[in-house]
Amino acid sequence: MYTLAPDEKVSKVMMYSRNKLIHGDVVTKESTRVSVWLRTQGVPAYIHVWNAEVLFFGATPPKSLTYNEYFFPTERIIGFHLAPPSADPPDFQADELNRKMVEVNMIVGAFMLKGKLRISTQTDIATSIEVSRMTWISIYDAAIDNPFLSNMPTIHVPMMLINPGQVSFGI
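Attention here is on the structure that accompanies the text. Predicted model only: the values in this text are computed from it and were never measured.

What counts, and at which threshold
- Residues numbered from 1 in each chain as written.
- Predicted model: local features only at pLDDT ≥ 70, side-chain atom pairs only at ≥ 80, totals over all residues.
- Heavy atoms only, no water.
- Pairing = 2+ DSSP bridges.
- Helix = DSSP H or I, 4+ residues; strand = E, 2+ residues; numbered from the N terminus.
- Buried < 20%, exposed > 50% of the residue type's maximum accessible area, 1.4 Å probe, protein only.

Pairing of strand S6 (residues 99-108) with strand S7 (residues 111-120) involves 10 bridges; the strand directions are antiparallel. Each residue of the ladder has a partner; that of Val104, found in S7, is Gly115. The hairpin formed by S6 and S7 contains two residues between the paired strands, and Gly109 there has a positive phi angle of roughly 60°. Both S6 and strand S10 (residues 168-170) contribute to a ladder of three bridges, which runs antiparallel. By the bridge assignment for S10, Met106 is matched with Phe169.

Topologically, Phe148 is positioned in the loop between strand S8 (137-145) and strand S9 (155-162). According to the relative accessible area criterion, Phe148 is exposed, its value standing at 58%. When the C-alpha positions of Phe148 and Phe111 are compared, they lie 8.6 Å apart, and in sequence the two are 37 residues distant.

See below:
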């Protein structure tokens, strides 16, 4: 188990890869805004997850694995968010001019995601995702399902990060 330093906190997160859903605890500095943590300079090469539950989609049915500690390469994460019911405030100003929300459907590994992408009013979604050279973009009001697990309830999160280079978009 871990012992927190006075300037640390524990947050439950969910991470998605091509063939895994990882759920567990991460330890960060108290000042870290976990919802956008992967965008920061200090993000580690491996995310250290405590009390990890890993749902592995390599066979039928999917295999559930548990680990006291699990290290997952940050570069292989496709989607990332705080586990509900936890949430951070949005990472934008609602009154920001020249921005709009567009609804998008995405395939995130073995998961289907419906959510909203915030883009310029001067462009369309195709141009926006093509010219955006960001490693992580925010998706808002996300609903996440898995077509392979009919008994899995839809996961709803107010904000999450996705790696646009590993996600396909549908409108």
